[in-house]
Amino acid sequence: MVHALSEIRRVLIPNGILIDLRPLLDRWSIEVVSAREIKETGRVQDFPLGLADDESANKSLTQAGQNGWFNRNREEYFSYSYSWDTPKEMEAWIEEEWEGFIGMDEETIRATRSAWALGDADTRVRLNVKMLITQWKVMNEP
Amino acid sequence: MTLQQDAEGNERKYLHAFADFSNKRVLEIGCGEGRLTWKYAPASSLTVGLDLDQDALRVALIDSPHDLKRKLFFTRAQSEHIPFSKETFDIAVLAWSL
């Protein structure tokens, strides 16, 4: 990853901008949502592989900063939502797209299915992913 | 499957708040099928999407809006070996890929 950041710096102009945009594991919340109400039914579990992945990315960027390649200008968190018609669609998606990174415990699965089944006709299931966006500026060589 | 993503448009909003893409040369690392690319490429003067996944790049190419075809390119490469000379781009976007 550090090598990749070195390459990115190489192809950027002096004072060029690097935008790092990525999800951060943080036990993302699961909600059952309709026009009438929003009900949180649980949170996903963060698995060690995913946490290690985030840690590794953070370390690489810190290293790039310490090497004098980039300067961190600005950083913010925001929510990026996924939503599905049914809980089963969400469960399948998590299994397919995030296998080894996040999972759902039985209690959350049950609570989500139950709240959805009792909901209105427009009820959907939503996963709120925590996103990190950081602006880095290329530091000019001395 | 009826998956909806970012109905609030937060990603686009934050992306444009953090960088002015107007007439800039942009390199996107990990562009995949171009989901994020379409959100800023219209403003750029040149956008290059980089990814290792050939199938995803094929989808991105097929899905490219017609009016972007002259300034939008995709290439299969590793981020550790970016096939461009130094100081080619104004902005680089690491798209869910670090």
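Analysis parameters
- Residue numbering note: each chain is counted from 1, following its sequence as written.
- A letter from A marks each chain and a number from 1 marks each ligand, given out in the order of writing.
- Given that the model is predicted, a residue must reach a pLDDT of at least 70 before its local features are reported, and side-chain atom pairs must reach 80 or more before they are shown or counted; all residues, however, enter totals for whole chains, interfaces and linings.
- The secondary structure listing takes helices from DSSP runs of H or I that are at least 4 residues long and strands from runs of E that are at least 2 residues long, numbered from the N terminus.
- Only C-alpha atoms enter the radius of gyration; for comparison, a globular chain is expected to reach 2.2 Å times N to the power 0.38, where N is the number of residues.
- Three exposure classes are used, based on other C-beta atoms lying within 10 Å of a residue's own C-beta, which is placed from the backbone: buried for 20 or more, exposed for 12 or fewer, and partly exposed in between.
- Note on terminology: a nonpolar core is a set of buried residues of type Ala, Val, Leu, Ile, Met, Phe, Trp, Tyr or Cys, with members joined through C-beta atoms within 7 Å.
- Contacts here follow a simple rule: the backbone-placed C-beta atoms of the two residues must lie within 7 Å.
- Per residue, pLDDT captures the predictor's confidence, and it can take any value from 0 to 100.
- Residue classes follow a fixed rule: Ala, Val, Leu, Ile, Met, Phe, Trp, Tyr, Cys and Pro count as nonpolar, while Asp, Glu, Lys and Arg count as charged, and any other residue, Gly among them, counts as polar.
- Two strands pair under a simple rule: DSSP has to find at least two bridges between them.
- To estimate how far a helix should extend, the number of its residues minus one is multiplied by 1.5 Å.
- Think of the arc as the fan of directions from the helix axis to the C-beta atoms.

## Concerning the overall build of chain A
For chain A, the helix and strand inventory stands at 4 helices and 7 strands. When the helices and strands of chain A are listed from N to C terminus, the series reads α-β-β-β-β-α-β-α-β-α-β. Here the C-alpha atoms of chain A give a radius of gyration of 19 Å, more than 25% beyond the 14 Å that 2.2 N^0.38 yields for 142 residues. With respect to the principal axes defined by its C-alpha atoms, chain A has extents near 65 × 30 × 20 Å. Relative to its 142 residues, chain A shows a buried fraction of 30%.

## A closer look at the nonpolar core
Core analysis: the largest hydrophobic core is formed by 38 residues, its most contacted members being Leu18 and Ile19 of chain A together with Ile29, Ile91, Ala92, Val93 and Leu94 of chain B. Sort the elements by how many residues they give to this core and strand S5 (residues 89-95) of chain B lands first, with 6 residues. Beyond its immediate sequence surroundings of up to four residues, Leu18 of chain A is in contact with Ile8, Leu12, Phe70 and Trp136 of chain A together with Ala92 and Leu94 of chain B. Leu25, Ile30, Val32 and Val125 of chain A belong to the second largest nonpolar core, which has 17 residues in total.

## Overview of the confidence of the model for chain B
Residues with a pLDDT of 70 or more make up 98% of chain B, whose mean pLDDT is 94. The complex prediction reports pTM at 0.92, with the ipTM value standing at 0.94.

## Some remarks on the interface of chain B and chain A
Size of an interface: often given as the accessible area lost when the parts come together. Across the contact, 33 residues belong to chain B and 33 residues belong to chain A. At the level of secondary structure, the elements contributing two or more residues to the side of chain B that touches chain A comprise strand S1 (4-5), helix H1 (10-18), strand S2 (25-29) and S5 of chain B. Counting residues per element, the side of chain B that touches chain A draws most heavily on S5 of chain B, which supplies 7 residues. Here the side of chain B that touches chain A is built from residues that sort into 19 nonpolar, 7 polar and 7 charged. Where strand S1 (residues 12-23) of chain A meets S5 of chain B, 6 bridges bridge the pair, whose relative direction is parallel. Counterpart to Asp20 of chain A in the pairing with S5 of chain B is Leu94 of chain B.

## Things to note about the pairing of strand S5 (residues 70-84) of chain A
Of the strand pairs in this sheet, S5 of chain A and strand S7 (residues 124-138) of chain A are connected by 14 bridges, and their pairing is antiparallel. Paired with Tyr82 of chain A across the two strands is Leu127 of chain A, which belongs to S7 of chain A. Relative to S1 of chain B, S5 of chain A is paired through 2 bridges, and the arrangement is antiparallel. What sits directly across from Tyr82 of chain A, in S1 of chain B, is Gln5 of chain B.

## Some points on helix H4 (residues 106-117) of chain A
All names here are of chain A. Compared with the 16 Å implied by 1.5 Å per residue over 12 residues, the 16 Å span of H4 between its first and last C-alpha is a close match. Buried within H4 we find Thr112, Ala115 and Trp116. One side of H4 carries all its buried residues, which in axial view fall inside an arc of 100 degrees. Looking at H4, the residues exposed on the side facing more than 90 degrees away from the buried face are Glu106, Glu107 and Ala117.

## Focus on the pairing of S1 of chain A
Along a regular strand, successive side chains alternate from one face of the sheet to the other. In the sheet, S1 of chain A pairs with S7 of chain A via 7 bridges, with the strands oriented antiparallel. By the bridge assignment for S7 of chain A, Leu18 of chain A is matched with Trp136 of chain A.

## What to know about the confidence of the model for chain A
Mean pLDDT for chain A: 95, with 99% of residues reaching 70 or above. The spread of mean pLDDT over the elements of chain A runs between helix H2 (residues 48-66) of chain A, the lowest at 92, and strand S2 (residues 29-33) of chain A, the highest at 98.

## Considerations on unusual backbone geometry
Residue Asn15 of chain A is not a glycine yet carries a positive backbone phi of 65 degrees. The phi angle at Asn23 of chain B is positive, at roughly 55 degrees, despite the residue not being glycine. One can find Asn23 of chain B in the loop between H1 and S2. By C-beta crowding, Asn23 of chain B is classed as exposed, having 10 other C-beta atoms within 10 Å.

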